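# Descriptive structure summary
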Amino acid sequence: MKLRTLTVYQFGRFKEKKIKLPQAPIIMIYGENESGKSTIMAFILSQLFGFPSKKQLGKWNGTSRTDSLGGSLAFTADNGRSYRIERMLGDKETLNFSTETGEPADLNKYMRGINQFLYENVFCFDLDGLRNIDKMNPADMNDLLLGAGMIGSGMLSKLEQTLEKQCADLFKKSGKKPQINRLFAELNNCSAQLREWEKKLDSYQQLQNSVLAGRERLKHLELKKKQAQHEYQLWTSFSAALPLINTYRGLSHELQSMMQDRPFPQNGKECYDDSRKLLLSIKNEISDLDEQIGQLEETRQMVHIDKRWQEQDTALHRLFGGAADDRQNEKERRRIEDEIGREQAVCRRICDLLGREWTPAAIRKASSEITLGDQLKEKIDIWKKLLDDRRDLARDLNAALERQERLEKQLKIINVKHEFTERTVRSNRAVSHPPKSRLLIIGLMILSAVLAVFSSLVIAPIAGLPVLLLGTAAIVCIFFFSFFRFDGQTNSIRAEDDRIFAERTLLEQQFNLAKAEAGRLAEKQKACSQSCEEQEEGIKSWLKEHGYFIDDLTGAMEKVRLVNDAQEHCQNLDVLHAKLQRLNDLHEYFVQETGVLAEKLGIAGADAAYLERCYQKQMEQGQRRDDLEKQIQIYRKQRERYMRRIAALENDQKAWFAKAHAENEQQFYEAAEREEHRHFINKQLETTRMQLLELTGTEKQIKVYMSYLEERKWDGLSEQDFKDRIATCETEIKNVRDRLANDQAQCSVLEKNDSYRDTLDRYHELLAEAGIRAKEWSAYQTALWAIHAAKEQYRKERLPRVLREAADYFCLVTAGRYKKIILRDDGFIVEDSNGFTLAASQLSRGTAEQLYLSLRLALMQVFDGYETLPMIIDDGFVNFDRKRSEMVYTLLKKVSEERQVIVLTCHDNEYLHTHPKAVLRLSNRHEQVSASQN
């Protein structure tokens, strides 16, 4: 089996996550603490073997709903087929196990009985689970091997424990509580009782007859006592109910005497009282209305209205409309005045920019032709072109003069060089053969002769000849070298003089040309300057003719533009002044009309606003008077409705008098009081009857008590009489009971708490039950013997193999240091390569954990023929150093050739970096899952 994909719907910290495991023999799931490694292991176990209990599930459920837990797990089996397990936990756990084509399959049949207990003890472990193997004794290891080898689960061990418990519940050699032990004890007791009964059967019959007679006498006395007690109870109940019976009879007689009164209407008094209260309330309301109507009448009389305002209503409305227009015109006047001020400020600013000679009058007189600007632009462009030409000519003239000056300087330098060259040639001719050279040659000749003579004398006569030839050659070389050196210097000086002469001739020609060019440019510049001045004077004269006084043509276009803008602002000023004059005329007319209307209303000199306030006040007075009139009419109509309501209520009261057969209110209330008294008696009568029922229990018993009262049955009897009769009966009963108890005690001694027949029957029942339980115990013991025999056989066959394979693994991971593993009653013993033995507790932590890992891997080999389930390790190697980790991963690589190995860790190691494709990284920050890539 190789796990491929984990799909988590909701489990622990994961929700709607799909985790695809890397396709590698050893899968490393790496993540920090709390990133979900243990959650993944728990999810795999829950999908393979089912969800744990609710208490354990709370760790993985969190705050989520329980019915949302679950997911699916996809894997590839050893036969190459793909399967999918899906478990969900709702009201109950649901399982869906199918192939990749959707065909249903049986998971239990596929797992061959392997349960979660066996899987966690062999294939899936963490650091604590790794150390648990050390706690196993030979019996525990034998149980694990037997379960794995026979049925693939731990069910056989559980069956053995169940059989041992059932055998212990049936029989123990020295036990008292087991069933067979209790049956044997009861059989012994029954045998002893039967033997005693055989001796005491003779006196038993006489005692039985005496007991029967005593019981008959006791029954007669108890019946007599019960009769006396019953009569006492009846007398006591009658005495308690007697006051209530007398009260009931008196109330009944009084109620019979009131049955002759005329009937009173039901709820008549309450209805009459409600009508009377409503009538008084309405009368009070009418009184309040009359008072309010009088106050409103007085207020209305105090409101005065001037009729002149009503007569001038149309004129006033027209005036008020004109007032709004006048206010609007006033705003417009202020706006126009502000705009006039702005326009005048702009004109003054433009005049300041144009110069002192420019005034608004001069601006108005200037020409405003449309084509003036274009004509000026053409003339200015021509003038500027002439200025540009003059500048270009001046620049060219300056360049020509500079070139002429530069050539003149070069010509002077060439003349100086020519004079220097001539002087050098003359001096070289004078010193072509200097005295120093001649002295050198003479000296060499003398030296050669001396050396030749010396050589012929000292060495050999012929030896002087080479020396003489060598000296002659040196003299000739010196002579020719001196001659040719001075001749070469003379030739080079002459060539330099010719070059200087040619250069001087060329410079003289260039100088003459530059001088002529400078004269021509000067003439041309003069003519261009004259044309510029004439063009400038013509433009100024043309501008003066059109009313523009401009001395500097560089800003002529800008000044013309400013004059045009100023002319536009002057035109705007004229228009604004005209508008302002029209608005002032309208305001004067409105003021005159307001004065005329104010004189008619008697408030001469008032303005429109004051007239409007007075008009509003008059309108408010009129409106107030109308409102008062309407309110008076409303109150009067309401008073009429109240009067009609009073008449209706008085008719209702008369109707109630007629129903009660009364002529006035006093008779009506008297009849109501009699009716209330009759209801009170009925209520008291019913209360008394209910009390009698509670005391006696039934209506029949009440009638019996009334008959006792009429018959005077218990007259003259007291409570003491009844107590004396009961005490006499109790004394006789006590004496009879004492005699009966004595006889029964003697019979009890003979019977020993049971009869002979019952004891005999009990003996046979116990004997039969002991036989049945003995057969059950024998069957359980036979089954236990078979299991023990099978366990011993598997221990002899499988345990040595597991220890051998574990020793091979342990030898591999410890680099051959330990060769053998032994399991004793006190734990595991290891033997090193030197033959020394050590207990597992004496090993270092890392070595001990390597031992436990080897045992785990050896246990996995027991499952031959089963599906190769994946091996899951949760941080089981944290105590291994680098060397041990490398050995362990080498061993796991060997194991991964047969089964999938999944390692969950939070520690960085070398394997993570050397096998990135086999690493699945969990992110704690964002709860994301990602696979490492190269």
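All figures in this text were calculated on a predicted structure; none of them were measured in a lab. Here the residue index of a chain counts from 1 through its sequence in written order. A pLDDT threshold of at least 70 governs which residues receive local features in this predicted model, and a stricter bar of 80 or more applies before side-chain atom pairs are shown or counted, although totals over entire chains, interfaces and linings include all residues. Derived side-chain values reflect all non-hydrogen atoms in the structure, with water molecules and hydrogen atoms excluded from consideration.

Strand order in the open sheet made by the five strands is β2-β1-β4-β5-β6, with antiparallel pairing throughout. Of all the strands in the sheet, just β2 (14-20) and β6 (93-99) have a single pairing partner and so form its edges. When the angles between neighbouring strand axes are averaged without regard to direction, this sheet yields 10°. Should DSSP find at least two bridges between two strands, the strands are taken to pair. A run of H or I in DSSP becomes a helix once it reaches four residues, and a run of E becomes a strand once it reaches two; helices and strands are each numbered from the N terminus. One ladder, built from six bridges, connects strand β1 (residues 2-11) with β2; its direction is antiparallel. In this analysis, axes come from line fits to C-alpha atoms, helices being fitted only over the stretch in contact, and the angle between any two N-to-C directions falls in the range 0 to 180 degrees.

Here we come to the sheet that holds strand β10 (residues 837-839). The strand order β8-β9-β10 describes an open sheet built from three strands, whose pairing is antiparallel. The sheet terminates laterally at β8 (818-824) and β10, the two strands that pair on one side only. Averaged over neighbouring strand pairs, the angle between their axes works out to 25° when direction is ignored. Strand direction decides the pairing type here: β8 and strand β9 (residues 827-832), joined by six bridges, are antiparallel. Paired with arginine 824 across the bridge in β9 is glycine 827.

For the rest of this paragraph, the subject is helix α20 (residues 699-711). Helices are assigned an expected span. That span is 1.5 Å times one less than the residue count. Look at α20: 18 Å from first C-alpha to last across 13 residues, which is about the 18 Å you get at 1.5 Å a residue. Taken together, the buried positions of α20 are occupied by Ile702, Tyr705 and Tyr708. Mapping the buried residues of α20 onto a view down its axis gives an arc of 115°, with all of them on the same face. Seen from the open side of α20, the exposed residues pointing more than 90 degrees away from its buried face are Lys700, Lys703, Glu710 and Glu711. Count one or two residues on from α20 and you reach arginine 712, which has phi positive near 55°. Burial classes: relative accessible area under 20% of the type maximum marks a residue as buried, over 50% as exposed, and values in between as partly exposed (1.4 Å probe, protein chains only). Note that the arc is defined by the directions from the helix axis to the C-beta atoms.

Bringing the packing of aromatic side chains into the picture now. A pair of Phe, Tyr and Trp rings is counted when the ring centres sit within 6.5 Å of each other, with Trp represented by its six-membered ring. The angle between the planes then sorts it: under 30 degrees is stacked, over 60 is edge-to-face, the rest tilted. Applying the stated criterion to the full structure yields five aromatic pairs. A ring pair is formed by tyrosine 83 and phenylalanine 97, whose centres lie 5.3 Å apart and whose planes are at 15°; its orientation type is stacked. Separated by 14 residues along the polypeptide, tyrosine 83 in strand β5 (residues 82-89) and phenylalanine 97 in strand β6 bring together distant segments of the chain. No difference in accessibility class separates tyrosine 83 from phenylalanine 97, as the two residues are buried. An aromatic cluster is present here, built from Phe75, Tyr83 and Phe97 joined pairwise through their rings.

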